[in-house]
Amino acid sequence: FGAQWASTVPLVTVLCGLCLLQSITGIAGSGLLAQGRAGTSMKLSLVSFVLIGVSLLLTRHHGIVWVTVALALSHGASSLLQMHLMLRQVVGGWAVVLRGIWRPLLAATGMGLAVWLVRDHLADASLMARLLSGIGTGAVAYIALTLLINRPGWLELWQLVQRRRG
């Protein structure tokens with residue numbers, strides 16, 4: 001799009017991180033309401049409002065990047081608190097959730113690392129070659145790591161496929 005947009009990269013980066021967090025924690029408010037905890041949800045909204053207001057006041061003279069970071073941190077903190085309260089109410093806490101998702105998270109982290117390592121070696125390749133190598137590397141890394149991390153699950157899936165064939 002051109003060099004005139006280069007100054008927006010830090011802002012977009014911070015806001016993308018906030019959106020990622022919000023996509024994970026966004027359901028927390030609905031979870032609290034479903035559990036009959038509307039009062040808790042309202043109190044958390046007020047805390048979030050105060051946190052965001054104070055952070056914006058403290059950073060307003062430091063430029064748009066600092067204001068954006070302050071917004072992301074204050075909103076992120078209140079979102080995580082809301083998620084914590086909802087998870088504690090519904091499933092017993094973070095530990096229960098993390099026990100269920102640590103394998104895919106580890107595989108995704110390994111996949112990201114593999115793609116990042118390959119990317120630096122293809123700086124002179126065409127855009128299509130870089131894109132295809134990133135996709136291929138990511139797919140192979142994720143499948144390989146999932147096979148290593150979750151071998152019993154894959155064996156069960158393989159047995160199911162074999163039974164369906166025969």
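The written sequence of each chain sets the order in which its residues are numbered from 1. Per-residue local features are limited, in this predicted model, to residues with pLDDT of at least 70; the limit for side-chain atom pairs, both in listing and counting, is 80 or more; totals at the level of whole chains, interfaces and linings are taken over all residues. Hydrogens and water are ignored here; the side-chain numbers use all heavy atoms of the structure.

Participant: Sorry if this is basic, but what is going on with the overall build of the protein chain here?
Facilitator: Helix and strand counts for the protein chain come out as 7 helices and 0 strands. Across the protein chain, helices and strands are ordered from the amino to the carboxyl terminus as α-α-α-α-α-α-α. The atom set for the radius of gyration is the C-alpha atoms, and the globule formula is 2.2 Å times the number of residues raised to the power 0.38. Scaling as 2.2 N^0.38, a compact globule of 166 residues should have a C-alpha radius of gyration of about 15 Å, whereas the protein chain reaches 22 Å, well beyond that. For the protein chain, the spread of C-alpha atoms along the three principal axes comes to 60 × 50 × 20 Å. Counting every position in the protein chain, which comprises 166 residues, the buried fraction comes to 21%. Pairs of residues are marked as contacts when any of their non-hydrogen atoms sit within 4.5 Å. Here the analysis covers contacts within the protein chain between residues at least 6 apart in sequence; of these, 60% occur between residues at least 24 apart. Only runs of H or I of at least four residues qualify as helices and only runs of E of at least two qualify as strands under DSSP, and these elements are numbered from the N terminus. For every residue, the accessible area (1.4 Å probe, protein chains only) is compared with the maximum for its type, and the residue is labelled buried under 20%, exposed over 50%, or partly exposed between those bounds.

Participant: Looking at this model, I keep getting lost on a nonpolar patch on the surface. Mind explaining?
Facilitator: Taken together, the side chains of I143, L147, W154, L157, L160 and V161 present a nonpolar region at the surface, about 480 Å² in accessible area. For the nonpolar patch, the secondary-structure elements that each account for two or more residues are helix 6 (127-149) and helix 7 (151-165). Looking at the nonpolar patch, the element that brings in the most residues is helix 7, giving 4 residues. Along the polypeptide, V161 turns up in helix 7. Residue V161 is classed as partly exposed on the basis of its relative accessible area of 31%. A residue counts toward a patch only above 30% relative accessible area and without a salt bridge, and it is joined to like-charged neighbours within 9 Å or, for Val, Leu, Ile, Met, Phe, Trp and Tyr, to nonpolar neighbours within 5 Å. Accessibility throughout is a Shrake-Rupley quantity obtained with a 1.4 Å probe, and a residue counts as covered only by protein chains that appear here. Between Lys or Arg on one side and Asp or Glu on the other, a salt bridge is scored when a side-chain nitrogen of the former is within 4 Å of a carboxyl oxygen of the latter.

Participant: I tried to follow the environment of G100 on my own but got confused; where do I start?
Facilitator: Within the secondary structure, G100 sits in helix 5 (residues 94-121). Classification of G100 as exposed rests on a relative accessible area of 57%. Distance in space between the C-alpha atoms of G100 and L81 is 20 Å, their sequence separation being 19 residues.

Participant: Just to check I follow, could you spell out the nonpolar core for this structure?
Facilitator: Soluble globular proteins tend to bury their nonpolar side chains together. Counting 7 residues, the largest nonpolar core consists of A28, L32, L44, M83, L85, M86 and L87. Put simply, the parts of the chain that give this core at least two residues each are helix 2 (28-34) and helix 4 (64-90). Of all the elements, helix 4 adds the most residues to this core, at 4 residues. In contact with M83, other than residues within four places in its own chain, are I24, T25, A28 and W94. Here the nonpolar core consists of buried residues drawn from Ala, Val, Leu, Ile, Met, Phe, Trp, Tyr and Cys, with membership extended through side-chain atoms lying within 4.5 Å.

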